[in-house]
Amino acid sequence: MTTLRTFCAYHPSTLQELSDDQLLRGKATLQRIGLLMLGLLAVIVGSAFMLESYLVAATSWAIIPALIEYSHKRKALLTEVQSRSRAN
């Protein structure tokens, strides 16, 4: 059985090897993907309730672990960017 808690896929040493530009591009990309997935989740749930198909709404829960993983990745990138800006 899978759990909703996921670990961050980025290892700190991997993030330290990236340039500042690569970190910012990665952060922006992950933010766009997360917003797209959140919008997709809203459309699925909204249309499922309008059509009174609650089974479709229940299956939309499969998107939540992916949203959590993208959130962890984005936070790891943001933490690295902030630590680099404090060091300068």
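Everything here concerns the structure above.
Residues numbered from 1 in each chain as written. Predicted model: local features only at pLDDT ≥ 70, side-chain atom pairs only at ≥ 80, totals over all residues. Heavy atoms only, no water.

Asker: Where do I start with the packing of helix 2 (residues 20–50) against helix 4 (residues 64–87) in this structure?
Answerer: Each packed pair of helices is defined by two parameters, the angle between the axes and the distance between the axes. Two elements in contact, helix 2 and helix 4, have axes separated by 9 Å at closest approach and are oriented at 155°. The angle between helix 2 and helix 4 places the two elements in the roughly antiparallel class. Every pair of crossing elements has a handedness; the one defined by helix 2 and helix 4 is left-handed. Together, Asp20, Leu23, Leu24, Gly26, Lys27, Leu30, Gln31, Ile33, Gly34, Met37, Leu38 and Leu41 of helix 2 and Ile64, Ala66, Leu67, Tyr70, Lys73, Arg74, Leu77, Leu78, Glu80, Val81 and Arg84 of helix 4 make up the contact between the two elements. Residue composition of the contact of helix 2 with helix 4, by class: 14 nonpolar, three polar and six charged. (Axes fitted to C-alpha atoms, helices over the stretch in contact; angles between N-to-C directions. Helix = DSSP H or I, 4+ residues; strand = E, 2+ residues; numbered from the N terminus. Parallel < 35°, antiparallel > 145°, perpendicular 65-115°, else oblique. Left-handed = near helix turned anticlockwise from the far one by under 90°. Contact = heavy atoms within 4.5 Å. Nonpolar A, V, L, I, M, F, W, Y, C, P; charged D, E, K, R; others polar.)

Asker: Got a minute to help me understand the environment of Val43 in this structure?
Answerer: Tracing the backbone shows Val43 in helix 2. The exposure class assigned to Val43 is exposed, which follows from its relative accessible area of 56%. Taking the C-alpha atoms as reference points, Val43 and Ser60, separated by 17 residues in sequence, lie 9.9 Å from one another. (Buried < 20%, exposed > 50% of the residue type's maximum accessible area, 1.4 Å probe, protein only.)

Asker: Sorry, what's going on with helix 4 here?
Answerer: Think of an α-helix as turning once every 3.6 residues; residues three or four places apart then point the same way. Here helix 4 is 24 residues long and its end C-alpha atoms lie 35 Å apart, about the 34 Å a rise of 1.5 Å per residue gives. Looking at helix 4, one finds that the buried residues are Ile64, Leu67, Lys73, Ala76, Leu77, Glu80 and Arg84. (Expected span 1.5 Å × (residues − 1).)

Asker: Honestly, the pattern of salt bridges in this entry has me stumped. Any pointers?
Answerer: For side chains of opposite charge, pairing can occur when their charged atoms come near one another. Under the criterion given, the structure shown has four salt bridges. The residue Glu69 makes a salt bridge to Lys73 at a minimum N-O spacing of 3.5 Å. Residue Glu69 and its partner Lys73 are both found in helix 4; the two are separated by four residues, about one turn of the helix. Lys73 sits in the buried class, given a relative accessible area of 17%. Connected through salt bridges with shared partners, the residues Asp20, Glu80 and Arg84 form a single ionic network. (Salt bridge = Lys/Arg side-chain N within 4 Å of Asp/Glu carboxyl O.)

Asker: What's the story with unusual backbone geometry in this structure? I'm lost.
Answerer: Even without being glycine, Glu52 reaches a positive phi, approximately 55°. On the secondary structure map, Glu52 appears in the loop between helix 2 and helix 3 (54–59).

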